[in-house]
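Listed below are the residues making up each chain.
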Amino acid sequence: MTATAWWYVSDQAGGARPRDDTVTVSRGGGGGGGGGGGRGRHRQGGPVAVVTAPVVRQDVPVNVAGIGSVEAFNTVTVRARVDGLLEKIAFTEGQEVKAGDLLAQIDSRVYEARLSQAQGVKAKNEAQLANAKLDLDRAVKLGQFATQQTVDTARALVRQLEGSLQTDQANIDAAALDLEYASIRAPISGRTGVRLIDAGNFVRARESSGIVIITQLEPIYVSFSLPQQYLETVQQALADRQVPVAALDADGKRALEEGVLSVLDNRIDAQTGTIKLKATFANAHRKLWPGQFVNVRVRLDTVKDGTVVPSAAVQRNAGGTFAYVLDQDNRVEMRPIRVGQVDNNIAVVESGLEPGQQVVVTSQEQLRPGAYVIPTEAKSQQEGAVPQITSSKLASERAASQERRSSP
């Protein structure tokens, strides 16, 4: 029993010794492993490397966003206006044409013959009219030797032939117009689409399929809708000035074209509760194409001297929105704020922040009120602009390097 008791006590003492040694080394940092453990605990509970941005005051545009589709300013389906054999196609698909350019030619021989026929009939009636006028003059000169009936008959024949000449001239004009229609020309300037018929086919007037579709691309429309609650604001903006509109790409990050609001529809769609609008764009670089879907940003107003921070600085919890504000000791304070517009990575703060303060824009999930941080200020893309959020990788590496240099 004495031997067993001695073995038990020795075993417990030997088992406890490694743990005591581990704790001692970890606390004292006597060995290489202990020093590493000390630095690990320092990183876990020590300062956090963050990127900060200043609170600035500047004019901020008030924008409203929507989704729209691009529409051609004018679209024309070119059709034949007379019947005939299509002799040739004078355009290539996708060609830029001007108003009046020849697009296609119909066999015009039959219309040339009709024009010649109408001109011949008019020449015949002109000769008859000249003879009738001579007869009338002779009857009038005879005076009492000519009966009144003879004079009246001669005068009526002159009027009849004069009316025939008017009809002949109208027939000549119609024949000349048909002959002109045999040459199919572009009614507007624009871009031709895919050819709808080939040369050698017989075409008829007002054929539904047409020959080609021409779309006008400069300028061009973008049609979009906004919720009906913006109606009064849009009306006021249109009454005061031109309303700028930007057409953005599918991601909403890159502006394709800048234009102006041109059309406000005269009714609200009762099914969707939206109102339709149109904006006009010069489209000189052809970045907008009919049928294309784009994001639309309408500038309705401008907030003068607004308090602005990067939108990444705005955080939310159960109590609402807040931001971490940096004090002079590089400690953060959770500051409740009220946010107005958030657009283009910029947030307008209505209350809670003052210009000149520094707010944290990265690593907020690692922070608590009163936490000590190692700040790196974000760089502005241009002087006076709202600081853009840059990657925090560089700031983290600098903070880690500084921490290693400060460690004993």
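In this text the structure is predicted, and so the values were computed from the model without any measurement. (Residues numbered from 1 in each chain as written. Predicted model: local features only at pLDDT ≥ 70, side-chain atom pairs only at ≥ 80, totals over all residues. Heavy atoms only, no water.)

A. View of unusual backbone geometry. The residue after Glu-218, namely Pro-219, is reached through a cis peptide bond having omega -5°. Its location among the elements puts Pro-219 in strand β9 (residues 212–227). A positive phi angle, close to 55°, is found at Asn-283, a residue other than glycine. Considering the arrangement of structural elements, one finds Asn-283 in the loop between β12 (274–281) and β13 (293–310). (Helix = DSSP H or I, 4+ residues; strand = E, 2+ residues; numbered from the N terminus.)

B. The side chain of Thr-52, seen in detail. Mapping Thr-52 onto the fold places it in strand β1 (residues 48–54). A distance of 3.2 Å separates a polar atom in the side chain of Thr-52 from a polar atom in the side chain of Gln-358. Excluding its chain neighbours within four sequence positions, the residues that come into contact with Thr-52 are Leu-326, Gln-358, Val-359, Val-360, Val-361, Pro-375, Thr-376, Glu-377 and Ala-378. (Polar contact = N/O pair within 3.5 Å; in protein donor to acceptor, adjacent residues only side chain to side chain. Contact = heavy atoms within 4.5 Å.)

C. Region of interest: the nonpolar core. Core analysis: the biggest nonpolar cluster contains 23 residues, and Val-222, Phe-224, Phe-281, Leu-288, Val-294 and Val-298 have the highest contact counts within it. Broken down by secondary-structure element, the contributors of at least two residues to this core are β2 (56–78), β9, α5 (231–240), β10 (244–248), β11 (255–269), β12 and β13. With 5 residues, β9 is the largest single contributor of residues to this core. Discounting residues that sit within four places of it in the chain, Phe-281 has contacts with Pro-219, Ile-220, Val-222, Val-245, Ala-246, Ala-247, Glu-257, Glu-258, Gly-259 and Leu-288. Tyr-111, Ile-184, Ile-188 and Val-212 belong to the second-largest nonpolar core, a separate cluster that totals 19 residues. (Core = buried A, V, L, I, M, F, W, Y, C linked by side-chain atoms within 4.5 Å. Buried < 20%, exposed > 50% of the residue type's maximum accessible area, 1.4 Å probe, protein only.)

D. Examining the pattern of salt bridges more closely. In this structure the tally under the stated criterion is 12 salt bridges. Note that Asp-249 and Arg-254 form a salt bridge whose closest N and O atoms lie 3.8 Å from each other. Accessibility expressed as a relative area gives 46% for Arg-254, which makes it partly exposed. Through salt bridges with shared partners, a single network forms among Glu-96, Arg-191, Glu-218 and Arg-286. (Salt bridge = Lys/Arg side-chain N within 4 Å of Asp/Glu carboxyl O.)

E. A look at the packing of helix α3 (residues 109–142) against helix α4 (residues 148–181). Closest axis-to-axis distance for the α3/α4 pair is 8 Å, and the angle between their directions is 165°. It follows that α3 is roughly antiparallel to α4 by the angle criterion. Crossing handedness for the pair α3 and α4: left-handed. In the contact of α3 with α4, the residues fall into 19 nonpolar, 7 polar and 10 charged. (Axes fitted to C-alpha atoms, helices over the stretch in contact; angles between N-to-C directions. Parallel < 35°, antiparallel > 145°, perpendicular 65-115°, else oblique. Left-handed = near helix turned anticlockwise from the far one by under 90°. Nonpolar A, V, L, I, M, F, W, Y, C, P; charged D, E, K, R; others polar.)

F. Broad picture of empty space enclosed by the protein. Tallied over the entire structure, the rule returns 1 cavity of 30 Å³ or more. Its boundaries defined by the atoms lining it, the largest cavity holds a volume of some 30 Å³. Together, Ala-80, Ile-197, Val-203, Arg-204, Glu-207, Ser-209, Gly-210 and Ile-211 line the largest cavity. Of the residues in the lining of the largest cavity, the class split is 4 nonpolar, 2 polar and 2 charged. (1 Å grid on protein atoms, 1.4 Å probe; cavity = no way out; pocket = protein on both sides within 12 Å on 5 of 7 lines; lining within 4 Å. Points joined across faces, edges and corners; volume = space filled by probe spheres on them.)

G. Representation of the packing of aromatic side chains within the structure. One pass over the full model with this rule turns up 2 aromatic pairs. With 4.8 Å between their ring centres and 25° between their planes, Phe-73 and Tyr-221 make a pair best called stacked. In this pair, Phe-73 sits in strand β2 while Tyr-221 sits in strand β9, placing the two residues 148 residues apart along the sequence. Seen in terms of ring centroids, Phe-322 and Tyr-324 are 5.5 Å apart; in terms of plane orientation they differ by 90°. Their pairing is edge-to-face. The residue whose ring lies beneath Lys-278 is Tyr-221, and the NZ or CZ to ring-centre distance is 4.6 Å. (Phe/Tyr/Trp six-rings, centres within 6.5 Å; stacked < 30°, edge-to-face > 60°. Lys NZ or Arg CZ within 6 Å of the ring centre and 35° of its normal.)

H. Spatial organisation of α4. In this model α4 runs 50 Å from its N-terminal to its C-terminal C-alpha over 34 residues, within 8% of the 50 Å that 1.5 Å per residue would give. Every buried residue of α4 is accounted for by Val-151, Ala-154, Val-158, Leu-161, Leu-165, Asp-168, Ile-172 and Ala-175. Contacts made by the buried residues of α4 are with α3. (Expected span 1.5 Å × (residues − 1).)

I. Representation of α3 within the structure. In this model, α3 (34 residues) spans 50 Å end to end at C-alpha, consistent with the 50 Å of a helix rising 1.5 Å per residue. In this structure, the buried residues of α3 make contact with α4. Gly-143, located one to two residues past α3, shows a positive phi value of around 65°.

J. The sheet that holds strand β8 (residues 202–203), seen in detail. The 4 strands are arranged β6-β5-β3-β8 in an open sheet whose pairing can be described as antiparallel. What marks the edges here is a single partner per strand, and that holds for β6 (183–185) and β8. Across 3 bridges, strand β5 (residues 102–106) lies against β6 in antiparallel orientation. Residue pairing across strands places Gln-105 opposite Ser-183, the latter belonging to β6. (Pairing = 2+ DSSP bridges.)

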